[in-house]
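Next come the chains, spelled out residue by residue.
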Amino acid sequence: MEIICQWINGEYYEGNPDGEVEIENPATGKIVRKAQLTSQEDLEYAVKVARKAQEEWRNISLAKRVDIMFKMRQLLLDNQDKMAKLIVEEHGKTYGDAIGEIQRGRETIDFACGINANLKGEMSYNISTRVDIHTIRQPLGVVGGICPFNFPAMVPMWMHPLALATGNAFILKPATTTPSASLFTAELYKQAGLPDGLFNVVIGDVPVVQGMLNHDGIDAISFVGSTPVARIVQETGIANGKRVQALGGANNHAIVMPDADLEFAAEHISAAAFGAAGERCMALPVVVAVGGTGEKLAELVAKHARNITVGSGMNENTDMGPVITADAKKRIIGLIDSAEKAGAKIVLDGRDHVVEGFEGGHFLAPTIVTDVPLDNELYTNEVFGPVLTIVAAKDYEEAIKIVNAQPFGNGSAIFTNDGGMARRFTQEVEAGMVGVNVPIPTPVAYYSFGGWKNSLMGDTHIHGPEGVKFYTRAKAITTRWPSESGAYQATMSFERDEE
Ligand code: NAD
């Protein structure tokens, strides 16, 4: 059995591990490797080498940093097959989805390749007689990144390219279920020429996160995960004087208006609800169907959902893989059971799905539920599985009230052919990312990504321009040169004399 370990100071570093964790293939239920857990002693070492490496890195020219990012971009392209296979093996998503997340993550590297154009300060000349002011943005020092299981390559890539390109060192803590993509990223950075100590990967759960949050040598934390943990991370990090951005969970809603193209909407809703087995923070678990469209919509979505092939992510015919663990499967089935008990109608039932040859896998097939009471846990919880709940509203006013009453505000969408309706929705909806006939409105990396309400703790969104801001702090420099004559002019006349 392969045993993997943390990456510190440019190499796999065994150190003094704090036990081991088993890593499972969710499609088979079998253990594929084990990972050694980072001890507090080894975390201490990671912070020490990161601080030391950052002292030099902060003074390395932008041109050299950009050069490394361009090399990293190419290495990711050349090695995406290997990385995608690691993701499929540990996460279960399809190979196509894994390639897709690497591509979306690489967009942040593209943006980091242009950091020289995006790290400019400002200057005002002669704010008083012979007094000028300019601002620069400087790195924070050492940044910690704490990531969820569901995008093993993309979510860390929302963080490390910009943290590094702006002059910081980075310590990444991936989820213990899916750490291999992060370790492979470390190998690629080494090949790209990133100096040792700037990109480190530690492995573990609560003790490692607490160790990072309580460590004086870590200046900032980027976190992505569930809302309860985001809250812990933000509160502890801030209490310890760190800059924190903590992206939390979601329960994204789309409104379908009666004038929408229902065939088009159904196809896209099916993909958004069931793609990656619903394990996306921008998945679409709830549709609010307006003006009696619910029944027809449920029928149309079910038609697409029945065509979804559930199976191993490495099988090229597979559209949807398993959920991450046996516990996750049990939790999702429990939520569907609870809605059924409360009187909901199960239009399509994926609870008992078995994939031949993969009987140990954690598979569920697409499930569609209507008539769910809005106080039922299937509706109020983040399901994070392949389940679509369709809620009815008599008109837009009722629909937007339902959408805005829920405590999450990550993404939201409307399906309509009425431009005025769409415009009103984009103004009124309480969510950070909004789609018009786009059910998963995930911004490209040169915009920033982030939700509202319980979907984001902290002020700044992640990656893009807000990412640059998060990983740097401003310095305003006021300069006065009392005389414009003197040494400079003396040099000039000296040079003239020499001629
Ligand atoms: P999680 O919150 O369980 O774990 C996230 C990270 O926190 C992991 O690295 C984990 O090791 C660590 N952690 C878990 N419990 C902890 C605790 N009590 N104290 C300290 N650290 C702890 O999330 P997950 O199950 O890995 O991922 C799914 C969640 O992530 C969903 O809620 C999903 O919506 C969210 N997510 C959000 C976004 C976004 O952009 N808002 C993106 C991806 C995933």
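In what follows, the structure referred to is the one given above.
Quick summary incoming for the structure in this document. Since the model is a prediction, treat every value here as computed from it, not as a measurement.

## With respect to the packing of helix α3 (residues 80-91) against helix α7 (residues 180-192)
Helix packing geometry: the angle between the two helix axes and the distance between the axes.
Part 1 of the argument: It is at 9 Å that the axes of α3 and α7 come closest, and there the two elements cross at 160 degrees. Judged by the inter-axis angle, α3 sits roughly antiparallel to α7. The two elements α3 and α7 meet at a crossing, and its hand is right-handed. In this structure, α3 uses K82, M83, L86, I87 and E90 to contact α7, whose residues at the interface are S180, A181, F184, T185 and L188.
Part 2 of the argument: Here the residues of the contact of α3 with α7 are counted per class, giving six nonpolar, two polar and two charged.

## Describing the pattern of salt bridges
Part 1 of the argument: Tallying each qualifying case throughout the model produces 21 salt bridges.
Part 2 of the argument: A salt bridge links E89 to R33, with the nearest nitrogen and oxygen atoms 2.7 Å apart. Separated by 56 residues along the polypeptide, E89 in helix α3 and R33 in strand β5 (residues 30-36) bring together distant segments of the chain.
Part 3 of the argument: Taking the relative accessible area as the measure of exposure, E89 reaches 25% and is therefore partly exposed.
Part 4 of the argument: A salt bridge links E397 to R424; the shortest N-O distance between them is 3.1 Å. Taken together, the residues E397 in helix α14 (residues 396-405) and R424 in helix α15 (residues 419-428) connect sequence positions 27 residues apart.
Part 5 of the argument: We classify R424 as partly exposed; its relative accessible area is 35%.
Part 6 of the argument: Each member of the salt-bridge network shares a partner with another, and the members are E2, R33, E89 and E90.

## Some details on the sheet that holds strand β7 (residues 131-139)
Part 1 of the argument: Read across the sheet, three strands follow the order β6-β7-β23 without closing on themselves; strand pairing throughout is antiparallel. The sheet terminates laterally at β6 (123-128) and β23 (472-480), the two strands that pair on one side only. In this sheet, adjacent strand axes meet at a mean angle of 30 degrees when their direction is disregarded.
Part 2 of the argument: Note that β7 and β23 share nine bridges and pair antiparallel. Bridge pairing in β23 places H134 opposite I477.

## Overview of the sheet that holds strand β4 (residues 20-25)
Part 1 of the argument: Ordered in space as β1-β5-β4, the three strands form an open sheet in which the pairing is mixed. Each of the sheet's edge strands pairs with one partner strand only, and the pair in question is β1 (3-4) and β4.
Part 2 of the argument: Judged from the six bridges that link them, β4 and β5 form a sheet pairing that is antiparallel. Bridge pairing in β5 links E24 to I31.

## Focus: the site of the ligand
Part 1 of the argument: Surrounding the ligand, one finds 25 residues, the nearest of these being C147, D205, S226, G248 and E382.
Part 2 of the argument: Between F149 and the ligand, the recorded distance is 3.1 Å, taken from a backbone N or O atom to an oxygen atom.
Part 3 of the argument: Here K173 contributes a side-chain N or O atom positioned 2.9 Å from an oxygen atom of the ligand.
Part 4 of the argument: Its free accessible area being 850 Å², the ligand has 86% of it covered by the protein chains.
Part 5 of the argument: The cavity that encloses the ligand is the largest pocket.
Part 6 of the argument: Among the secondary structure elements, those contributing two or more residues to the shell around the ligand are α8 (206-213) and β11 (220-224).
Part 7 of the argument: For the shell around the ligand, the per-class residue count stands at 16 nonpolar, six polar and three charged.

## What to know about the packing of α8 against helix α9 (residues 227-239)
Part 1 of the argument: Where α8 contacts α9, the two axes come as close as 9 Å, and the packing angle between them is 30 degrees. By the criterion of interaxial angle, the relationship of α8 to α9 is roughly parallel. For the pair α8 and α9, the contacting residues are V209, Q210 and L213 in the first and I232, V233, T236 and G237 in the second.
Part 2 of the argument: A per-class count over the contact of α8 with α9 returns four nonpolar, three polar and no charged.

Scoring rules and cut-offs
- Residues numbered from 1 in each chain as written.
- Predicted model: local features only at pLDDT ≥ 70, side-chain atom pairs only at ≥ 80, totals over all residues.
- Heavy atoms only, no water.
- Axes fitted to C-alpha atoms, helices over the stretch in contact; angles between N-to-C directions.
- Helix = DSSP H or I, 4+ residues; strand = E, 2+ residues; numbered from the N terminus.
- Parallel < 35°, antiparallel > 145°, perpendicular 65-115°, else oblique.
- Left-handed = near helix turned anticlockwise from the far one by under 90°.
- Contact = heavy atoms within 4.5 Å.
- Nonpolar A, V, L, I, M, F, W, Y, C, P; charged D, E, K, R; others polar.
- Salt bridge = Lys/Arg side-chain N within 4 Å of Asp/Glu carboxyl O.
- Buried < 20%, exposed > 50% of the residue type's maximum accessible area, 1.4 Å probe, protein only.
- Pairing = 2+ DSSP bridges.
- Near = heavy atom within 4 Å.
- Polar contact = N/O pair within 3.5 Å; in protein donor to acceptor, adjacent residues only side chain to side chain.
- Areas by Shrake-Rupley, 256 points an atom, 1.4 Å probe, with all protein chains shown as cover.
- 1 Å grid on protein atoms, 1.4 Å probe; cavity = no way out; pocket = protein on both sides within 12 Å on 5 of 7 lines; lining within 4 Å.
- Sits in = over half its atoms within 2 Å of the grid points.

All quantities given are derived from atomic positions and should not be read as evidence of function.
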